[in-house]
Amino acid sequence: MELAVSVSGLRKDFGAVKAVRGVDLEVQTGEVLALLGPNGAGKTTIVEILEGYQTASAGKIAVLGHDPRHDRRRMLERVGIVLQETAVEQFLTVREVLRRRASYYPHPRDPDAVIDLVGLGEKSGARVRTLSGGLQRRLDLGLALIGDPELLFLDEPTTGFDPNARREAWDIVRSLTGEGRTVLLTTHYMDEAQVLADRVAVIAKGVIVASGTPDSIGGRDTGTAKVRFVLPEQAASTAELGLADTHLSVSPIDGRRMIEVDTDSPTPLLHRLTSWAVAHDIELEGLEVARPSLEDVYLSLTAEDKA
Amino acid sequence: MKSLRIVASELWYQQLAYWRNPMGAFFTFFMPVMFLVIFASLYRGAHYDGLNLDQYFIPGIMTFGVISACYTNLSVTLTNQREQGILKRFRGTPLPPWAYMVATVASCVIRALVLVALTLGVGVAFYGLIVPAHSYGAIAVIVVLGAATFCALGVAITVIIPNADAAPAIVNGVYLPLMFISGTFFPLSSSSVLAKIASYFPIRPFVLASYNAMNPQVHSSSIHAVWLENLAIWCVIPLVFAIRRFSWLPRRRS
Ligand SMILES: Nc1ncnc2c1ncn2[C@@H]1O[C@H](COP(=O)(O)OP(=O)(O)OP(=O)(O)O)[C@@H](O)[C@H]1O
Ligand SMILES: [Mg+2]
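(A) Geometry of the overall build of chain A. A count of helices and strands for chain A gives nine helices and 13 strands. The C-alpha radius of gyration of chain A comes to 24 Å, more than 25% above the 19 Å expected for a compact globule of 307 residues. When its C-alpha atoms are laid out on the principal axes, chain A stretches across 75 × 45 × 35 Å. Every one of the 307 residues in chain A was classed for burial, and the buried ones make up 49%. Excluding contacts between residues fewer than 6 apart, the proportion of contacts in chain A whose partners are at least 24 apart in sequence is 67%. Surface accessibility of chain A: about 14100 Å² in total, with carbon and sulfur atoms responsible for 48%. Across chain A, the centroid of the 35 positively charged side chains sits 8 Å from that of the 46 negatively charged ones.

(B) Region of interest: the site of ligand 1. In the region of ligand 1, 14 residues are neighbours, and A:G40, A:K43, A:T44, A:T45 and A:H188 sit closest. Chain contributions to the surroundings of ligand 1 come from chains A and B. In the model, an oxygen atom of ligand 1 is placed 3.5 Å from a nitrogen or oxygen of the A:E156 side chain. Between ligand 1 and the protein, one listed contact pairs an oxygen atom with a side-chain N or O atom of A:H188 at 2.9 Å. When ligand 1 is considered free in solution it has 640 Å² of accessible area, and contact with the protein chains removes 73% of it. Examining the composition of the shell around ligand 1, we find that three residues originate from one element, helix α1 (residues 43–50) of chain A, more than from any other.

(C) Expanded view of the pattern of salt bridges. Residue and element names in this part refer to chain A. Applying the stated criterion across every chain yields a total of 22 salt bridges over all chains. Between D171 and R174 there is a salt bridge, and its shortest N-O distance comes to 3.1 Å. Taken as a pair, D171 and R174 lie in helix α6 (residues 163–178) at a separation of three residues, close to a single helical turn. The shortest N-O distance in the salt bridge between E288 and R228 comes to 2.3 Å. One end of the pair, E288, is in strand β13 (residues 288–290); the other, R228, is in strand β10 (residues 225–230), with 60 residues separating them in the sequence. Note on E288: relative accessible area 39%, which makes it partly exposed. Within the structure, one salt-bridge network assembled from shared partners comprises K226, R228, E260, D262 and E288.

(D) Quick peek at the interface of chain B and chain A. Contacts between the two partners involve 23 residues from chain B and, on the opposite side, 26 residues from chain A. Buried surface at the junction of chain B and chain A, both sides included, amounts to about 2300 Å², of which 55% is carbon and sulfur. Considering only the side of chain B, the residues that lose the most area to chain A are B:R20, B:R89 and B:P94, jointly responsible for 36% of the buried surface there. Here chain B is connected to chain A by four salt bridges. A salt bridge links B:R89 to A:D140, with the nearest nitrogen and oxygen atoms 2.2 Å apart. Summed over the shared surface of chain B and chain A, the number is eleven residue pairs in polar contact (both at pLDDT 80 or more). At the level of elements, α1 (2–19) and α4 (86–90) of chain B are the ones that each hand at least two residues to the side of chain B that touches chain A. The dominant element in the side of chain B that touches chain A, judged by the number of residues it contributes, is α1(B), at six residues. Grouping the amino acids of the side of chain B that touches chain A by side-chain chemistry returns ten nonpolar, seven polar and six charged.

(E) How the structure looks around the packing of helix α3 (residues 94–102) of chain A against helix α5 (residues 133–145) of chain A. Residue and element names in this part refer to chain A. With their axes 9 Å apart at the nearest point, α3 and α5 run at an angle of 25 degrees to one another. For the element pair α3 / α5, the angle class is roughly parallel. In the packing of α3 onto α5, the handedness of the crossing is right-handed. Here V94, V97, L98 and R101 of α3 come into contact with α5, specifically with L139, G142 and L143. For the contact of α3 with α5, the residue count by class is five nonpolar, one polar and one charged.

Quick notes on the rules
- Residues numbered from 1 in each chain as written.
- Chains lettered and ligands numbered in written order.
- Predicted model: local features only at pLDDT ≥ 70, side-chain atom pairs only at ≥ 80, totals over all residues.
- Heavy atoms only, no water.
- Helix = DSSP H or I, 4+ residues; strand = E, 2+ residues; numbered from the N terminus.
- Rg over C-alpha atoms; globule rule 2.2 N^0.38 Å.
- Buried < 20%, exposed > 50% of the residue type's maximum accessible area, 1.4 Å probe, protein only.
- Contact = heavy atoms within 4.5 Å.
- Areas by Shrake-Rupley, 256 points an atom, 1.4 Å probe, with all protein chains shown as cover.
- Lys, Arg positive; Asp, Glu negative; His and termini not counted.
- Charge placed at Lys NZ, Arg CZ, Asp CG, Glu CD.
- Near = heavy atom within 4 Å.
- Polar contact = N/O pair within 3.5 Å; in protein donor to acceptor, adjacent residues only side chain to side chain.
- Salt bridge = Lys/Arg side-chain N within 4 Å of Asp/Glu carboxyl O.
- Buried area = accessible area lost by both parts, 1.4 Å probe.
- Nonpolar A, V, L, I, M, F, W, Y, C, P; charged D, E, K, R; others polar.
- Axes fitted to C-alpha atoms, helices over the stretch in contact; angles between N-to-C directions.
- Parallel < 35°, antiparallel > 145°, perpendicular 65-115°, else oblique.
- Left-handed = near helix turned anticlockwise from the far one by under 90°.

Below is the structure:
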């Protein structure tokens, strides 16, 4: 498939600050890529270089086949941008702002359809200054969509959204990718990345420390699983359950002992455990098997970086 | 043709936004008229150069209006828009940057023209100001040149304004002292030291050219070429500077 974005060897220095230190990145057409990373990791810097706002210190960049610095105008006809900070003219109405923006593009979407799409139908005649922060952010998303872009850059697009609005925004993004459009987004919400992204890339201190699908990144699917349960009163010790040899931790909860076992092969372990329970006709309370969540993986990836 | 349509549409939206911000509109239009009324009552019966003093300071108020609309308003607006990230967002669309700038400047020039009409109209209607018919052409040239100069200065000064809070202080700090030593509101002998200093800057030539253009006793050919040259220089140099250094992105707070 064709690449919507291709970056290699990207570097950006702000004086002594090395904000981006050698990043390679590819986004396929029709794909949603989420950039995750702590504050100051370099996400916005990377995105703004792709948008042509900033010049890279080094590296090769192509956005829809354009050089974002030297072919910016033509690139901008094909991309939509939501910047990290919202800023819309305060004294115009929602509809006016969208109509004005629509006039800049060769093939804009219908402003009223976009107003409905981002859920501002009731506010279309309201001045921007009267909208709440979250509503202004929705307008921001609408403005990015008005030019009918092939590629969307969304820098923390749902920050400030209520949970319903966030889900609506996810639906919008998904409907766009259904039409073959490409999305590059940054976010601090793991659920957002999990739900929306085909691939995630975790950035720390200007380098990509891991990338992959949300389900497999950092060995999520194959790595250590946790098996948890409350130690039944009938069992004198964990050895009786055939667990003596494995990594386990015991924490007291409500006067009982919660067992947590880290294991690379949860299947035989569960088999031993449940066989014992069935044989003794015991219901294992609180039994659960958990793979690390995206957040667990993210935290360990970005913590390593600090060490 | 297409460019013209883009600029016209931008101009429309900018005017729309401007007139919906009552405070901004109020200050731009009310201040010069208020000054006119105050000075007229202060100077009642005073004379200068064999003429009613009104004949001197009302053209001065007119220049004040043009400078407020072009220099003060433009620089503060652009700085605010830059720091709020509004300019940055426009740069993220296919709208050509020059189209945005032309529309913004044109917006200010329209305001300046309204102010010229307003101050001269009030002057003629209520204070016996004489605007001889033979001076219309000269007034038009001077107003256009003055507007161009002070728009160029307005855009250029944003380069040295670090943030929105500093904008009014820097803009007025440069402008107000010069305005007074340029004899905008009262006659100032051209042989005085202050007037000599002021003659190197663009306000005094603008004031003198406006006064002479309307002076019913002299013909408009008494507008010295050196005044127009001064305005032209103060237009071109800031313009070149602005084109090279104008920033569309917020300054990093560091
Ligand atoms: N214009 C600039 N001048 C100097 N330093 C900068 C500039 N822009 C960014 N930086 C620095 O570069 C680093 C990366 O910043 P960036 O804004 O890209 O981070 P981010 O990952 O987007 O963070 P956040 O999650 O907080 O938005 C930071 O250390 C920041 O201070
Ligand atoms: Mg950021």
